Amino acid sequence: GLGDVYKTQECYYQMESFDKLEELVDQIPDNSDILIELGERFQSVGMCDSAVKAFQKARDIKKAIDCCVLLNQWNLAVDLAERNNFAQIEGLLTVYANKLLEKKKKLECVELYRRANRNTEAAKLLSQIADDLVSKDANPVLIKKLFVMAALEAVSYTHLTLPTIYSVQISVVAVSLKKK
């Protein structure tokens, strides 16, 4: 029964046998309190994916998202929030975007905004990146691509085929910027 599962997970945890704990998650019935405890144990040792899996199986999406934020797995946090219509997604997006911008990761921030369908913010950021490159006398072709991408982003919500073309373009630009 569940008493045995509880004792088993306690043993595995004491022995630091995390692979066995991960296997145990699949054997525990959905919505069980033991899943929450397992999730917290995984979280305490930095095993975000395993913790999220346990919290999701326990049907506690908020705990799963909080775990991602705590362990700095922002992409996963935003993804979970979007997939589960989590009400606080806007706050999460803002916090994550600010963290990316603090680390000078503007292209990653553009990708985040695109995934969240925040086209205006993505377009503004692309224009900023292009403006920064103008002041540094960078390759004019690269600058032109960035301005074109910003314009495409500004209107992309009206076209269903643009995101595919645009994803390829942003990869090319990211590679070009890293070579600098």
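For the structure itself, consult the block above.
Residues numbered from 1 in each chain as written. Predicted model: local features only at pLDDT ≥ 70, side-chain atom pairs only at ≥ 80, totals over all residues. Heavy atoms only, no water.

Student: An account of the overall build of the protein is needed here, citing residue identities and associated values.
Tutor: Summing up its helical and strand segments, the protein has 11 helices and zero strands in all. Counting from the amino terminus, the protein carries its helices and strands in the arrangement α-α-α-α-α-α-α-α-α-α-α. The buried share of the protein, taken over its 180 residues, is 38%. Of the contacts made within the protein by residues no fewer than 6 positions apart, 46% connect residues no fewer than 24 positions apart. Accessible surface computed for the protein: about 10,500 Å², of which carbon and sulfur atoms make up 53%. (Helix = DSSP H or I, 4+ residues; strand = E, 2+ residues; numbered from the N terminus. Buried < 20%, exposed > 50% of the residue type's maximum accessible area, 1.4 Å probe, protein only. Contact = heavy atoms within 4.5 Å. Areas by Shrake-Rupley, 256 points an atom, 1.4 Å probe, with all protein chains shown as cover.)

Student: Could you give me a rundown of the side chain of Arg41, with the residues and numbers involved?
Tutor: Relative to the elements of secondary structure, Arg41 occurs in helix 3 (residues 33-44). Residue Arg41 is classed as buried on the basis of its relative accessible area of 12%. In this structure the side chain of Arg41 is engaged in a polar contact, spanning 3.4 Å, whose partner is the side chain of Gln9. Sequence-distant contacts of Arg41, that is, excluding residues within four places in its chain, are made with Gln9, Glu10 and Tyr13. (Polar contact = N/O pair within 3.5 Å; in protein donor to acceptor, adjacent residues only side chain to side chain.)

Student: Give me the lowdown on the nonpolar core, citing residues and values where you can.
Tutor: Counting residues in hydrophobic clusters, the biggest one holds 52 residues, and the most contacted among them are Ile28, Leu38, Ile65, Leu112, Leu126, Leu133 and Leu146. In this structure Leu38 touches Gln9, Leu21, Val25, Ile28 and Ala54, once residues within four positions along its chain are discounted. (Core = buried A, V, L, I, M, F, W, Y, C linked by side-chain atoms within 4.5 Å.)

Student: Break down a negative patch on the surface for me, with residues and values.
Tutor: Together, Asp19, Glu22, Glu23 and Asp49 make up a negatively charged patch on the protein surface. Examining the composition of the negative patch, we find that three residues originate from one element, helix 2 (residues 18-27), more than from any other. Since its relative accessible area comes to 47%, Asp19 is described here as partly exposed. (Patch = residues over 30% accessible without salt bridge, like charges linked within 9 Å, V, L, I, M, F, W, Y side chains within 5 Å. Salt bridge = Lys/Arg side-chain N within 4 Å of Asp/Glu carboxyl O. Lys, Arg positive; Asp, Glu negative; His and termini not counted. Charge placed at Lys NZ, Arg CZ, Asp CG, Glu CD.)

Student: Before we move on, could you go through the packing of aromatic side chains and cite the residues and values that matter?
Tutor: Counting across every chain of the model gives one aromatic pair. With a centroid separation of 6.2 Å and 80° between ring planes, the pair formed by Tyr13 and Phe18 is classed as edge-to-face. Take Tyr13: its relative accessible area is 23%, and that puts it in the partly exposed class. (Phe/Tyr/Trp six-rings, centres within 6.5 Å; stacked < 30°, edge-to-face > 60°.)

As far as function goes, none of this settles anything; it's purely spatial.
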